[in-house]
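Per-entry structural report
What follows is the residue order along each chain.
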Amino acid sequence: MKKILILLFLLPALPLHAQEPVRFFIERIELRNLHRAGREIILSEGRLHEGAVYTEADLHDANDRIERLPFILDAQFSLEKGSQRDAYVLVIALNETRSFFYGLDLVAYHSNDEQVNVEPEEAGVSGIGFRWFAGRRGMFHVALGSAREYSSTNARQTGTVEAGYTQYGLFGSDAFASISVAAPIDGDQLQALPQVTLGIPLTRTQTLTSSFTSTNFESTTHDHYRRKALRMEWSHNTTNNPFFPTRGTLLSAGPLFAADDATYVRFNRDTTHDELIHEKTHTVGLSLVAAHYWELSERNSVSLRGEADLRRTTGKRNELDLEDDYTPSSVRAAWSRSLWSQERVAEDGDMRLEASLRYMTGRKDYQFVRNHSTFANIAWVRRNAWGTMRLGVGYAW
């Protein structure tokens, strides 16, 4: 009887012991097929170190982080026996992208409603560039592309030429920092637009990022736009791809502090004439993103993504006091299907079909009465060693 009582007393502890995660002592890390990026860059982004102990979940998250690097097409993890018992060699087989890269994201929308504006959020973004690696942890890049900047009431798309440098493994840690300088190519004056970004890992899935941006744009019309902005962001990211994720969760939140000085032409519906607007404002905001991706099968996945941008703007517009609260937000549901097997995806990238339905509200565009719209589209997407593209058609109402 006494033995039975002891056994019953120990039973609750047995499942807890059985659920202990298996841990692997990684004696050495071997990177295969790595030709361009520095070894320390891969290990820093994976947050991996030789001589450390990792669980299966740790290695799974490290794999996802490495695959989210824009210059890594695919990463395959495997364990081999080490030089002693209970020691392992972590082998990471990599498929890198080319030094030259391109990006094209273009969905052409049609709408029968004249009050629906498909330009501010749905316009295509494209660019080309070149990256090269310097030393063990550095990477330079130059790119020709486009950037979207926002004042308190307007959004504008500008062509830019950009050069930048990123340092990984900062001060012997897994932090990174980057600095870039961009210049608009479609304005009267060529102005340098610097941006400085610092990223600090908090856990294997969480990162704290801060960035400072200065913008100065002038056009051949009366438009000019200057902004200084500071953003901070906490993110939790377990997704498996930087461009077309099919599984995982993304959560991010962070404040925005911005000072704007803008002059632009706006159509006045009351007078049916253009009017010149000058505004000098300060904006405080909070950006929120929540997304989850479910893999239904080897080739099919669905996702749900929500975004909200809470902003309060104060200042002067044409010498009149301005106070404005607004919350642009959106919800997007999507389905995605890979046209290739996982083996071919690991070799050649991915080719997919996507369909999505997106509802947006709270956009600031005074040329249109409605500030909410619904967008449906179907697109063909492709990512390979040279770049990424999305081409599609859609309807807005």
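Residues numbered from 1 in each chain as written. Predicted model: local features only at pLDDT ≥ 70, side-chain atom pairs only at ≥ 80, totals over all residues. Heavy atoms only, no water.

Details of the environment of Ala 290
Just so we agree on the cut-off: Counting from the N terminus, the helices are DSSP H or I runs at least four residues long and the strands are E runs at least two residues long. Relative accessibility thresholds used throughout: buried, under 20% of the residue-type maximum; exposed, over 50%; partly exposed, between the two (1.4 Å probe, protein chains only). Residues are treated as being in contact if the distance between any of their heavy atoms lies within 4.5 Å.
Relative to the elements of secondary structure, Ala 290 occurs in strand β14 (residues 273–295). Ala 290 gets classed as partly exposed once you look at its relative accessible area, which sits at 38%. Along the sequence, Ala 290 and Thr 249 sit 41 residues apart, while their C-alpha atoms lie 7.7 Å from each other. Residues within four places of Ala 290 in sequence aside, it is in contact with Leu 250, Leu 251, Leu 304, Arg 305 and Gly 306.

Considering unusual backbone geometry
Although it is not a glycine, Asn 33 sits at a positive phi angle of roughly 65°. Structurally, Asn 33 can be placed in the loop between β1 (23–32) and α3 (39–46).

Looking at the nonpolar core
It is characteristic of soluble globular proteins that their nonpolar side chains tend to be buried jointly. Short version of the rule: Nonpolar cores were defined as sets of buried Ala, Val, Leu, Ile, Met, Phe, Trp, Tyr and Cys residues, with membership established by side-chain atoms within 4.5 Å.
Formed by 23 residues in total, the largest nonpolar core has its most connected members in Ile 42, Leu 48, Phe 71 and Ile 92. The leading source of residues in this core is β1, at 4 residues. Beyond its immediate sequence surroundings of up to four residues, Ile 42 is in contact with Leu 31, Leu 34, Ala 37, Ile 66, Leu 69, Phe 71, Ile 72 and Leu 94. Among the nonpolar cores identified, the runner-up in size contains 5 residues, and Val 107, Met 360, Phe 375 and Ala 396 belong to it.

Considering the confidence of the model for the protein
The following threshold applies: pLDDT measures how confident the predictor is about each residue, on a scale from 0 to 100.
Averaged over every residue, the pLDDT of the protein is 85; the share at 70 or more is 84%. Throughout residues 150–154 the model reports pLDDT below 50, and contacts reaching past four residues in sequence, or to other chains, amount to 24 contacts.

Considering the environment of Ser 341
Mapping Ser 341 onto the fold places it in the loop between β17 (329–338) and α6 (342–348). Here Ser 341 falls in the partly exposed class, since its relative accessible area comes to 23%. Between the alpha carbons of Ser 341 and Met 351 there is a distance of 9.9 Å; along the sequence they are 10 residues apart. When residues no more than four places from it in sequence are discounted, the contact partners of Ser 341 are Glu 298 and Arg 299.

Here we look at the sheet that holds strand β4 (residues 87–96)
We apply this condition: Two strands qualify as a pair provided that DSSP identifies no fewer than 2 bridges between them. Orientation is described by lines fitted to C-alpha atoms, with helices fitted over the stretch in contact, and by angles between N-to-C directions that extend from 0 to 180 degrees.
Spatially, 4 strands are ordered β2-β1-β4-β3 in an open sheet, and the strand pairing comes out mixed. Edge strands, defined here as strands with exactly one partner in the open sheet, are β2 (52–55) and β3 (72–81). Direction aside, neighbouring strands of the sheet carry axes that sit 45° apart on average. Against the sheet, α3 makes contact with β1, β3 and β4, and its axis sits at roughly 145° relative to β1, the strand it touches most.

A few points about the pairing of β17
Here strand β15 (residues 300–317) runs beside β17; their pairing, made up of 9 bridges, is antiparallel. Following the sheet pairing, Arg 305 is matched in β17 by Arg 332. Pairing between β17 and strand β18 (residues 350–361): 10 bridges, direction antiparallel. By the bridge assignment, Ser 338 is partnered in β18 with Arg 352.

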